[in-house]
Amino acid sequence: MPHDHQNDEPLSSSGHPYRADNDTTLSYWQVMEIAVRELLIEKGHISASQVHEQINRMDARSPANGASIVARAWTDPQFKAALLTNASQTSQDMGFDIGPMHLIALENTEKVHNVIVCTLCSCYPRNLLGLPPDWYKSRAYRSRTVVEPRKVLSEFGLEFNQKIQIRVHDSTADMRYIVIPYQPAESEGLSETELAKWITRDSMIGVGLPRAPA
Amino acid sequence: MKVRVNSHWPPGHIRTPAYLRGKQGEIEREIGLFNNPEQNAYRLASEQRALVRVRFTMAEVWGDAAETPDDVIEAEIYTHWLEPV
């Protein structure tokens, strides 16, 4: 499921569909956005370069931010305890600008595996993980993860025996979530910087596991 | 604390997912006060409402169709949608 495409789409040489040209007319809200932006610029409240800088800043957010938090949690038990108690404050103390986001960190253990979904829309901790992957926003992921999480996880290549409890977290309202994956034994003793390379985006959503960097 | 989610179906911007309405769960933690999204979404003066995380078993939510009955779903629910059991 992580990589489904419609069958009738023409595919590029890499097997991905071409993105359709945006030849359709602007929607009501697109026109509204352009009008408001141009007015703000004309009236001197903001400049076009400030708008562009902000877009670049949003695009620059990446899972590396989340990975450094998890790496610290793996190496510093006190930090991990603080993160599990109040993830927003602890991330801010570490120097991450998480904006108005309210964050909860969820720890995977030998007995519990956490996975995150937003059934109502597509809430995602963008400040720590960057833009969400397309599948995270798909109706299939959003609806199936609460009904048959083990089946969904198996499609991502994860199999859990019945002794491990799956906890599905539905971001229904104001909180955002990050999973602290279970640290692989092979990575014990590595430095925080080295460990951060093991921590994938998917492992912080709960649909993947940390793995040795290639 | 055990709670049941109200089985109300009002129109509007509701952050209580349909699949959890009428279901019984346990408060996992209290999160704090937030502007009530049911008013906030329409730019109406909104009251602060308490938000909690509720843990439901798959057995409770999906009955006999549950994939693994002891797995759980946790979701944020505003307390005005909850009644004690």
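Residues numbered from 1 in each chain as written. Chains lettered and ligands numbered in written order. Predicted model: local features only at pLDDT ≥ 70, side-chain atom pairs only at ≥ 80, totals over all residues.

Caption draft 1: Looking closely at the overall build of chain B. From N to C terminus, chain B includes two helices and five strands. Expressed along its principal axes, the backbone C-alpha trace of chain B runs to roughly 40 × 25 × 20 Å. Every one of the 85 residues in chain B was classed for burial, and the buried ones make up 27%. For chain B, contacts bridging at least 24 residues in sequence account for 51% of all contacts bridging at least 6. (Helix = DSSP H or I, 4+ residues; strand = E, 2+ residues; numbered from the N terminus. Buried ≥ 20, exposed ≤ 12 C-beta atoms within 10 Å, placed from the backbone. Contact = placed C-beta atoms within 7 Å.)

Caption draft 2: Focus on the overall build of chain A. In terms of helices and strands, chain A carries 11 helices and four strands. For chain A, with 214 residues in total, the buried portion stands at 31%. In chain A, the share of contacts with a sequence separation of at least 24, taken over all contacts with a separation of at least 6, comes to 66%.

Caption draft 3: How the structure looks around the nonpolar core. With 55 residues, the main nonpolar core has A:V70, A:A105, A:I178, A:I199 and B:I73 as its most contacted residues. If one sorts the elements of this core by residue count, helix 3 (residues 63–75) of chain A sits on top with six residues. Once residues lying within four places of it in the same chain are set aside, the contact partners of A:I199 are A:A67, A:V70, A:A71, A:P181, A:M204 and A:P210. (Core = buried A, V, L, I, M, F, W, Y, C linked by C-beta atoms within 7 Å.)

Caption draft 4: Geometry of the pairing of strand 3 (residues 165–170) of chain A. Taken across its six residues, strand 3 of chain A has five buried, putting it largely inside the fold. Pairing between strand 2 (residues 112–117) of chain A and strand 3 of chain A: six bridges, direction parallel. Bridge assignment links A:I116 to a residue of strand 3 of chain A, and that residue is A:H169. Pairing between strand 3 of chain A and strand 4 (residues 72–78) of chain B: four bridges, direction parallel. (Pairing = 2+ DSSP bridges.)

Caption draft 5: Main features of the pairing of strand 4 of chain B. Residues and elements named next belong to chain B. A large share of strand 4 lies buried, amounting to seven of its seven residues. Side chains V72, E74, E76 and Y78 project from strand 4 onto one buried face, and the interleaved I73, A75 and I77 project onto a second face that is buried too. One ladder, built from seven bridges, connects strand 3 (residues 48–57) with strand 4; its direction is antiparallel. Note on strand 4: the bridge partner recorded for V54 is A75.

Caption draft 6: Representation of the interface of chain A and chain B within the structure. Every contact between the two is made by 19 residues of chain A and, on the other side, 17 residues of chain B. Those elements that provide at least two residues to the side of chain A that touches chain B are helix 8 (139–147), helix 9 (149–155) and strand 3 of chain A. The element that contributes the greatest number of residues to the side of chain A that touches chain B is strand 3 of chain A, accounting for six residues. Of the residues belonging to the side of chain A that touches chain B, the class tally is eight nonpolar, five polar and six charged. (Nonpolar A, V, L, I, M, F, W, Y, C, P; charged D, E, K, R; others polar.)

Caption draft 7: Structural context of helix 8 of chain A. Among the residues of helix 8 of chain A, A:Y141, A:T145 and A:V146 are the ones counted as buried. For helix 8 of chain A, the buried positions fall inside an angular range of 110° around the axis, keeping them on one side. (Arc of directions from axis to C-beta.)

Caption draft 8: Local environment of unusual backbone geometry. Even without being a glycine, B:R43 presents a positive backbone phi close to 60°. Note on placement: B:R43 falls in the loop between helix 1 (37–40) and strand 3.

Caption draft 9: Region of the structure containing the sheet that holds strand 3 of chain B. The strand order across the open sheet built from seven strands is 2(A)-3(A)-4(B)-3(B)-2(B)-1(B)-5(B), with neighbouring strands paired in mixed fashion. Looking at the sheet topology across the chains shown, the edges are occupied by strand 2 of chain A together with strand 5 (82–84) of chain B. Taken pair by pair, the neighbouring strands of this sheet meet at an average axis angle of 35°, ignoring direction. Its contacts with the sheet put helix 8 of chain A on strand 2 and strand 3 of chain A together with strand 4 of chain B, and the angle it makes with strand 2 of chain A is roughly 150°. (Axes fitted to C-alpha atoms, helices over the stretch in contact; angles between N-to-C directions.)

Caption draft 10: Molecular detail of the environment of A:S138. With respect to the helices and strands, the residue A:S138 is situated in the loop between helix 7 (134–137) and helix 8. For the pair formed by A:S138 and A:C121, sequence separation is 17 residues and the distance between their alpha carbons is 9.5 Å.

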